[in-house]
Amino acid sequence: MATGSTRPTSRDVAQAAGVSQAAVSLVLGDKWRGRVSETTAERVRQAARELGYRPNLAARNLRLGHTRTVLLVVPALTTEFFAGVYTGAARIAAQHGFGVVLYPSPEGIGPARDPFASAQAALDGVIASSMAADALTAIRGDQLPLVMLDSDPAGSHGATTVNLDITDGIRQVTDHLLGLGHRRFLHLAADIASWTFEVRAHELAARLGDVPGTSLLTVRAPISIDDARTATETALAAKGPRPTAIVCDDDKLAAGAYKAARRLGLRIPDDLSVTGLDDLALATAIDPELTTVRLDAELFGERGMQALLAVLEGREPQQGDIPVHLVVRGSTAPPSAP
């Protein structure tokens, strides 16, 4: 046995088995057949077991041109959602001997500096949110095996896409509010040029367009509580019939809508129903607790990593959007009498 804390090497195995280091590499790399005898191969394996020898996979992968490292490109980590995506991706990666490097775009969206001298030399593949597409281009990640999250399947540059069923999420929200009797809607939309937010706006307008007597006003705001408060306050203070329901693209936008309502003396849900989308921890921290659509961030990350593994192995990735679910809490109720 190797003594002390020194890690045994292939040279130690070779000496113990009475063979060359080349023979050790052949046997432990399972390439020995026809090149060394069965007896010699077993002697090498026995020596490796007794010494507790483990091949240096990092060095081996570098020689083979693989690092077993994946880059996850996301917007800045301003909510726990993308932390959950990372957790899910890293869990699947670890089960397959991969590591995940998290790369948040410093400004949330937009270009970012290449963290590697050469991304192609340092990485085996990339998983990227469509919200960080500019950062992806900047680091030349689109030249590697690529899986896009929250991205238009028809226009993606990736080998495949993994999406949450946002269309159904908006459908669930709209049906819930219509069922309560709401007909005047305000859409507090994220002011971000991203496919996932375009889907929300399109589905909401299409769903309400099928119901006679409905109206829809859309205002946009960056995903911050203060910007959402300002945009909502302006919309609610405008002349004309006030909306009775606010559909927010994100839970943080909903928190801003809460602040605007309170400043205007409006009660939630008595005077105004509000919905979000994400089901962040924030959704149950505000009062009343927020009706929102739960997006399973960890499952999203798991599916993204599974899709990339399939691409790297030449398999067909799993198809179908990830289901989402409306969680009804205290922020929605029938509209008050006009």
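Residues numbered from 1 in each chain as written. Predicted model: local features only at pLDDT ≥ 70, side-chain atom pairs only at ≥ 80, totals over all residues. Heavy atoms only, no water.

Enquirer: What is the right way to look at the overall build of the chain in this model?
Expert: Within the chain, the secondary structure is distributed over 12 helices and 11 strands. Taking all 338 residues of the chain together, 49% fall into the buried category. Considering only contacts within the chain whose residues lie at least 6 apart along the sequence, 71% involve residues at least 24 apart. Carbon and sulfur atoms provide 51% of the accessible area of the chain, an area that totals close to 16,100 Å². (Helix = DSSP H or I, 4+ residues; strand = E, 2+ residues; numbered from the N terminus. Buried < 20%, exposed > 50% of the residue type's maximum accessible area, 1.4 Å probe, protein only. Contact = heavy atoms within 4.5 Å. Areas by Shrake-Rupley, 256 points an atom, 1.4 Å probe, with all protein chains shown as cover.)

Enquirer: Before we go on, may I ask you to explain the pairing of strand S1 (residues 69–74) in this structure?
Expert: Most of S1 is tucked away: 6 of the 6 residues are buried. Relative to strand S2 (residues 99–104), S1 runs parallel, the two sharing 6 bridges. The residue of S2 that forms the bridge with Val-73 is Tyr-103. Here 4 bridges tie S1 to strand S3 (residues 125–129), and the two strands are oriented parallel to one another. In the sheet register, Leu-71 faces S3, and the bridge partner there is Val-126. (Pairing = 2+ DSSP bridges.)

Enquirer: Is there a simple way to think about the pattern of salt bridges in this case?
Expert: Opposite charge on two side chains permits them to pair, given that their charged atoms come into close proximity. Applying the stated criterion across every chain, the model contains 15 salt bridges. A salt bridge links Glu-298 to Arg-91; the shortest N-O distance between them is 2.7 Å. Taken as a pair, Glu-298 in helix H12 (residues 297–312) and Arg-91 in helix H5 (residues 80–95) lie far apart in primary sequence, 207 residues in all. Looking at Glu-298, the relative accessible area reads 32%, which means it is partly exposed. Arg-91 gets classed as partly exposed once you look at its relative accessible area, which sits at 33%. Shared partners join several salt bridges into a network, and the residues in it are Glu-38, Glu-42, Arg-45 and Arg-49. (Salt bridge = Lys/Arg side-chain N within 4 Å of Asp/Glu carboxyl O.)

Enquirer: Can you walk me through the pairing of strand S4 (residues 146–149) in this structure?
Expert: Walk down a regular strand and you will see the side chains alternate between the two sheet faces. Residues Leu-146 and Met-148 line one face of S4 and the alternating positions Val-147 and Leu-149 line the opposite face, and both faces are buried. The sheet contact formed by S3 and S4 spans 4 bridges and is parallel. Counted as the bridge partner of Ser-129 is Leu-149 from S4. The pairing of S4 with strand S5 (residues 160–162) spans 3 bridges and is classified as parallel. For Val-147, the partnering residue across the bridge sits in S5 and is Thr-160.

Enquirer: Can you help me understand the sheet that holds strand S7 (residues 215–221) in this one?
Expert: The pairing of strands in a sheet comes from backbone hydrogen bonds and takes either a parallel or an antiparallel form. Strand order in the open sheet formed by 4 strands is S7-S6-S8-S9, and the pairing between neighbours is parallel. The sheet terminates laterally at S7 and strand S9 (273–275), the two strands that pair on one side only. In this sheet, neighbouring strand axes are inclined to one another by 20 degrees on average, regardless of whether the strands run parallel or antiparallel. The pairing of strand S6 (residues 184–190) with S7 spans 7 bridges and is classified as parallel. Across the sheet, Ala-189 pairs through a bridge with Arg-220, a residue of S7. Contacts from helix H9 (residues 195–209) reach S6, S7 and strand S8 (245–248) within the one sheet, and its direction differs from that of S6 by about 170 degrees. (Axes fitted to C-alpha atoms, helices over the stretch in contact; angles between N-to-C directions.)

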